[in-house]
Amino acid sequence: MNVMEKKHTGKIELEDVKQWSLLLLPYKFALDELKTKVNIMAEETMYMNDANPIEHIKTRIKKVNSIQAKLERKNIAPTMRNAKDSIFDIAGMRIVCSFITDIYDIYARLSKRRDIKILEVKDYIKSPKSNGYQSLHIIVQVPVTLSHGVEQVYAEIQLRTLAMDFWASLEHKIYYKYDKKIPGNLEKELLKAAQTAKLMDEKMMGIREEVRSLS
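Structural notes, computed from the coordinates. (Residues numbered from 1 in each chain as written. Predicted model: local features only at pLDDT ≥ 70, side-chain atom pairs only at ≥ 80, totals over all residues. Heavy atoms only, no water.)

Some words on empty space enclosed by the protein
1) Next: For the structure shown, the criterion picks out one cavity of 30 Å³ or more.
2) Next: Estimated volume of the largest cavity: approximately 40 Å³.
3) Next: Forming the boundary of the largest cavity are Gly132, Tyr133, Gln134, Ala163, Met164, Trp167, Ala194 and Ala197.
4) Next: Of all the secondary-structure elements, those providing two or more residues to the lining of the largest cavity are helix H5 (162–177) and helix H6 (184–214).
5) Next: The element contributing the most residues to the lining of the largest cavity is H5, with three residues.
6) Next: Counted by class, the lining of the largest cavity contains six nonpolar, two polar and no charged residues. (1 Å grid on protein atoms, 1.4 Å probe; cavity = no way out; pocket = protein on both sides within 12 Å on 5 of 7 lines; lining within 4 Å. Points joined across faces, edges and corners; volume = space filled by probe spheres on them. Helix = DSSP H or I, 4+ residues; strand = E, 2+ residues; numbered from the N terminus. Nonpolar A, V, L, I, M, F, W, Y, C, P; charged D, E, K, R; others polar.)

As for a nonpolar patch on the surface
1) Next: Residues Met200, Met204, Ile207 and Val211 make up a contiguous nonpolar surface patch of roughly 360 Å² in combined accessible area.
2) Next: Here Ile207 is to be found in helix H6. (Patch = residues over 30% accessible without salt bridge, like charges linked within 9 Å, V, L, I, M, F, W, Y side chains within 5 Å. Areas by Shrake-Rupley, 256 points an atom, 1.4 Å probe, with all protein chains shown as cover. Salt bridge = Lys/Arg side-chain N within 4 Å of Asp/Glu carboxyl O.)

Written as structure tokens, this is what we have:
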């Protein structure tokens, strides 16, 4: 039986480290290409509108144990083949913007590109999660040219404002501090904080529009 076709035993299969490294390499290249494309888009927007829509960009590749654990949660055997076919956020990019309008502007520009294919969009800004989480999630495919040919690599892009990113970072730390079971009183406070962040984003957009109208 091939190592990539082992039956799920309820335990994480220990794949060869070099094989996993080779599997993850195209995801790194995909992020490198995505970051270059997004930076070019931001610079073009800055020259056209005299404003940079992006505050900062972060990228990450999921670790092997995180990939395998996610497959097990989905009740899928934790093999390299299943990781490639079933996990779409192995490569992740977070784009933090100044304003909500910047988020949708970047999304519109990504949608028009022929070198990126958008597969799925989840808008947690227009429809926040029950805990208050806000962000725009996009699953894309990026063509990566390798020695054996072109490979279509999945990546997830998250677009947030500074306020959304600050809230999400704090919620993440609390979530793991309490072993994924946040006390009820903290959940309520986090929801209030998310609503405050939303109001601040809206207020800052209003201020920007007022400044623009006076210039």
